[in-house]
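This is what each chain is made of:
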Amino acid sequence: MIYVPVIYEKSPFFCIFLDAVRDSNYNQDMENQMKKRSISARVVVTVLVSAVALLAAAIHYYDGKNQGGTVRKYTGFFNSTGNQLDADNKVKALIAEKTGAECDESWLEGNFDDAIKSCIADESYPDFISGGQELYEAGALIPIDEYWDDYPNIRSYLTDAEWDTLRMKDGHIYWIPQFGVSGGNRQDTIHNGEAFWMQTRVLKWAGYPEVTTLDQYFDLLEEYQKAHPLMEDGVTSNIPYTILCDDWKYFCLENAPQFLDGYPNDGCCIVDPESHKVTDYNTTATAKSYFRKLNEEYQKGIIDPESFTETYDEYISKLSTGAVLGMVDQWWDFHYNIVEAYGKQNLAAQGCNYVPLPVTLKEGVRSQWHTSIQNEIDVGNGISVTVSCRDVKGALQFINDLLDPQIQTLRFWGIQGTDYSVDKDGKYYLTDAQRREHDNDGYAISEFCTYAYFPRKEGILPDGINAYEPEYQPEEFYRSLPQDVKECFAAYGCKTYVDMLGDNPSPGAWYPMYSYASLLTDSSQEGRIWNQMAEIKHQWLPRTVMSGNFEDTWKQYMEAYAACRPDVFINAAQREVDSRIRRSRQK
């Protein structure tokens, strides 16, 4: 699964479908790409409550001019949720002043696939979009590599070998990965990915024990819940364990078996690092043991009975109370959305912050929950410029400018003297007041503009001193840690979240395989089967957890799963692994 960061942008809740009349200033570089479209002047304004509305809200008419110093305005639609920025956001205005451009970003509510299908049918797109296979097949994206020689920050963003992994069948590149690209000397401090998380109060109460197996994890939750059924207020009931299953985020339920067997996040399969054989983690003995364990814990009342019906917003609201003792999730998916609520309620004082634990099924299995993030560039999707963009060169210039180190400092640190400070040695840091503002959502929407789904470098800035982002600046990272987390780290002899799990290099040239699965569509047999596999797991896995007869329900699930022929997908994944290894040896 892809890793993504905190976002502070969101679209207004309306939609405009617009195809504009060509004019004499229409950019010549788009002429050939737009010939197939019939252009008419029509505007339909409607109010909707779906992802289709949000996507359409991103579509606009732009004449490609920047006369008199006016700011070029672009639109974008991205496959994630976010918050709408204030109209007078300070950093956004400053970036626009320096680059001559800005983007009105729209964020997902509902189903991304439905939004994309509607957009393809209407042949209308925003300027920027979360690009992928379906949009490529629809002819909706421009080939970035035909332009990039004029944009050095884009061209040098990846190595030639890395860019080659993004080439489609026609030899061109249509999207730019936004995450995991190192600017050098990156030090992972947070574990941005998936893990079994547990609150520090549970570990402290037990004397900070070693928790390395699934049984140990749930035994400790059971023991703590028995001793402390309520939070400190004496009213709020603790929830030992909850599971997020809403839409595509059901990875919190379904893909733990790969990690429990000691494999990293290939996301769609297991790949043996020695033999390179691909295995379906859904059908392993470990998968059955894991879901049997969840079933047992559900019957004991340890697992939240609302797990399989609550929405993502309800899940975040529940976590924000501090009552949930543990869960499986990815850091980016929960942390940034609860940090402000935690601060307002002083939940760190109660030990409600989460730390990751290196849980596997059995003793002696090496944990690979964390793999150095620079080894996880997702080539299956990224930011694209669409054929509806009337100013392709300007749009690419905007991306190029956002990758400038000074602009990236604005994006993630903010304004010097206001949002961050600099010591006598040139080291960036946050005062206590600045740190509180960074964690304040209200301040963030008026002050910060990260352009989070545009490309960014990670690691150390060209000054050789400072990290591109505060959370990867080791000193700043540690100073910003809540006290309960600091105490927990000290008890385990750790300095970072990554230390709690252990760091791992890339297992091989095929990694990560989720970038392959994300390219699949219904245009191929393996793509159709991949989608069917997901549908069956959505349907059956909650049943296996809640069932009063696990063995019978598991048998029915395996029969339904086998009927969709997952072996076709696994065989295709094997061919992809072999191909990636072969290509790596040719370089």
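Just so we're clear, the structure is a prediction, and the values are computed from it rather than from any experiment.

We now examine the overall build of the chain. Each helix and strand in the chain was counted, giving 25 helices and 14 strands. For the chain, the residues scored as buried account for 57% of the 587 residues in total. The long-range share in the chain, meaning contacts at least 24 apart out of those at least 6 apart in sequence, stands at 77%. In the structure as shown, the chain presents an accessible area of about 23500 Å², 48% of it carried by carbon and sulfur atoms.

Quick look at the pattern of salt bridges now. If you walk through the whole model with that rule in mind, you get 28 salt bridges. A salt bridge links aspartate 145 to arginine 167, with the shortest nitrogen-to-oxygen separation between them at 3.3 Å. Taken together, the residues span a long stretch of sequence, with aspartate 145 in the loop between α5 (133-137) and α6 (152-155) and arginine 167 in the loop between α7 (160-164) and β6 (194-199) at a distance of 22 residues. Aspartate 145 sits in the buried class, given a relative accessible area of 15%. When salt bridges with common partners are traced through the structure, they connect Asp215, Glu222, Lys293, Glu297 and Lys300 into a single cluster.

Inspection of every chain in the model, using the stated rule, returns 46 aromatic pairs. Pairwise contacts between aromatic rings join Tyr74, Phe78, Trp107, Phe128, Phe179, Phe398, Tyr451, Tyr453 and Phe454 into one cluster. For the cation-ring pair, lysine 249 lies above tyrosine 312, with the distance from its terminal atom to the ring centre recorded as 3.6 Å. The ring of tryptophan 540 has arginine 543 lying over it, and the distance from NZ or CZ to the ring centre is 4.5 Å.

This paragraph deals with the state of the cysteines. In total, this model carries zero disulfides according to the counting rule given. We note that cysteine 389 lacks a disulfide partner, and the nearest cysteine sulfur, in cysteine 103, lies 9.9 Å from it. For cysteine 389, a relative accessible area of 0% puts it in the buried group.

Turning our attention to the layout of surface pockets. Estimates place the volume of the largest pocket at around 1400 Å³. Along the wall of the largest pocket there are 43 residues; nearest its centre are Asn79, Asp113, Trp248, Ser518 and Trp530. Among the secondary structure elements, those contributing two or more residues to the lining of the largest pocket are α4 (112-122), β5 (128-131), α5, α10 (251-254), α22 (514-517) and α23 (525-546). Of all the elements, α23 adds the most residues to the lining of the largest pocket, at six residues. Across the lining of the largest pocket, the residue classes tally to 18 nonpolar, 16 polar and nine charged.

Spatial ordering of the open sheet is given by β7-β10-β6-β11, a layout of four strands whose pairing is mixed. In the strand order of this sheet, the two ends are held by β7 (239-241) and β11 (354-357), each with one partner. Across the sheet, the mean angle from the axis of one strand to that of its neighbour is 35°, orientation sign disregarded. Pairing between β6 and strand β10 (residues 324-330): five bridges, direction antiparallel. In the sheet register, glutamate 194 faces β10, and the bridge partner there is glutamine 330. Docked against the sheet, helix α14 (residues 331-345) engages β6, β10 and β11, running at close to 140° with respect to β10.

Right, let's talk about the nonpolar core for a bit. By size, the foremost hydrophobic cluster in this structure holds 101 residues, and its most contacted members are Phe196, Leu203, Tyr217, Tyr241, Leu294 and Tyr497. Among all residues touching tyrosine 241, those that are not within four sequence positions of it are Phe196, Tyr217, Phe218, Leu221, Leu294, Ile302, Ile303, Asp304, Gly326, Met327 and Val328. In terms of nonpolar packing, the next biggest core, distinct from the first, is built from 58 residues, Ala115, Ala140, Trp163 and Tyr451 among them.

This part is about the environment of glycine 82. Turning to its location among the elements, glycine 82 is positioned in the loop between β3 (72-78) and α3 (90-99). You can call glycine 82 buried: its relative accessible area is 12%. Residues glycine 82 and tryptophan 107, spaced 25 residues apart in sequence, show a C-alpha to C-alpha distance of 5.8 Å.

Our focus in this paragraph is the sheet that holds strand β12 (residues 382-385). Taken in spatial order, the four strands of this open sheet run β4-β3-β5-β12, and their pairing is mixed. Taken across any chain shown, the strands that pair with only one partner, and hence form the sheet edges, are β4 (101-107) and β12. Each strand axis lies, on average, 30° off the axis of its neighbour in the sheet, ignoring direction.

Attention shifts here to the packing of helix α12 (residues 285-300) against helix α24 (residues 550-563). Packing of α12 against α24 leaves a shortest axis separation of 11 Å and a crossing angle of 135°. One element, α12, and the other, α24, form an angle in the oblique class. Crossing of α12 over α24 shows right-handed handedness. Counting all contacts with α12, which are made through Ala287, Lys288, Phe291, Arg292 and Asn295, the residues of α24 involved are Phe550, Glu551 and Trp554. Classifying every residue of the contact of α12 with α24 gives four nonpolar, one polar and three charged.

It is worth spelling out a negative patch on the surface at this point. Among the surface-exposed residues, Asp113, Asp114, Asp247, Asp522 and Glu535 lie close enough to one another that they form a single negatively charged patch. Within the fold, aspartate 247 resides in the loop between β7 and α10.

The next subject is the side chain of glutamate 340. Among the structural elements, glutamate 340 can be located in helix α14. Under the relative-accessibility criterion, glutamate 340 is labelled buried at 17%. Excluding residues within four positions of it along the chain, glutamate 340 makes contact with Asp439, Asn440, Asp441 and Gly442.

This part is about helix α15 (residues 392-402). Within α15, nine of the eleven residues are buried, leaving the element largely enclosed by the surrounding structure. When α15 is considered as a whole, its buried residues turn out to be Val392, Gly394, Ala395, Leu396, Phe398, Ile399, Asn400, Asp401 and Leu402.

Looking now at α3. Within the span of α3, buried status applies to Val91, Lys92, Ile95, Ala96 and Thr99. All buried residues of α3 project into a common sector of 140° when viewed along the axis, lining one side. Away from the buried face of α3 by more than 90 degrees, exposed residues Lys90, Glu97 and Lys98 are located. Directly after α3, the chain includes glycine 100, whose backbone phi takes a positive value near 75°.

Below, the discussion takes up the packing of α12 against α23. A packed helix pair is summarised by two numbers, namely the angle formed by the two axes and the spacing between the axes. One way to put it is that α12 packs onto α23 with a least axis distance of 7 Å and a crossing angle of 55°. Relative to α23, the element α12 is oriented oblique. Side by side, α12 and α23 meet where Phe291, Leu294, Asn295, Tyr298 and Gln299 of the first sit next to Leu541, Thr544, Val545 and Met546 of the second. Looking at the contact of α12 with α23 residue by residue, the class counts come to six nonpolar, three polar and no charged.

Attention now goes to the confidence of the model for the chain. Predicted coordinates in regions of low pLDDT should not be interpreted in detail. Across the chain, the average pLDDT comes to 87, with 87% of residues at or above 70. Below pLDDT 50 for its whole length, residues 1-68 participates in 212 contacts with residues either more than four positions away or in separate chains.

Glancing now at unusual backbone geometry. The peptide bond linking tyrosine 511 to proline 512 adopts the cis configuration, its omega dihedral lying at -5°. Within the secondary structure, proline 512 sits in the loop between α21 (497-501) and α22. Of note in the backbone geometry, tyrosine 208 takes a positive phi value of approximately 50° without being a glycine.

Calculation rules
- Residues numbered from 1 in each chain as written.
- Predicted model: local features only at pLDDT ≥ 70, side-chain atom pairs only at ≥ 80, totals over all residues.
- Heavy atoms only, no water.
- Helix = DSSP H or I, 4+ residues; strand = E, 2+ residues; numbered from the N terminus.
- Buried < 20%, exposed > 50% of the residue type's maximum accessible area, 1.4 Å probe, protein only.
- Contact = heavy atoms within 4.5 Å.
- Areas by Shrake-Rupley, 256 points an atom, 1.4 Å probe, with all protein chains shown as cover.
- Salt bridge = Lys/Arg side-chain N within 4 Å of Asp/Glu carboxyl O.
- Phe/Tyr/Trp six-rings, centres within 6.5 Å; stacked < 30°, edge-to-face > 60°.
- Lys NZ or Arg CZ within 6 Å of the ring centre and 35° of its normal.
- Disulfide = S-S within 2.5 Å.
- 1 Å grid on protein atoms, 1.4 Å probe; cavity = no way out; pocket = protein on both sides within 12 Å on 5 of 7 lines; lining within 4 Å.
- Points joined across faces, edges and corners; volume = space filled by probe spheres on them.
- Nonpolar A, V, L, I, M, F, W, Y, C, P; charged D, E, K, R; others polar.
- Pairing = 2+ DSSP bridges.
- Axes fitted to C-alpha atoms, helices over the stretch in contact; angles between N-to-C directions.
- Core = buried A, V, L, I, M, F, W, Y, C linked by side-chain atoms within 4.5 Å.
- Parallel < 35°, antiparallel > 145°, perpendicular 65-115°, else oblique.
- Left-handed = near helix turned anticlockwise from the far one by under 90°.
- Patch = residues over 30% accessible without salt bridge, like charges linked within 9 Å, V, L, I, M, F, W, Y side chains within 5 Å.
- Lys, Arg positive; Asp, Glu negative; His and termini not counted.
- Charge placed at Lys NZ, Arg CZ, Asp CG, Glu CD.
- Arc of directions from axis to C-beta.
- pLDDT = per-residue confidence, 0-100.

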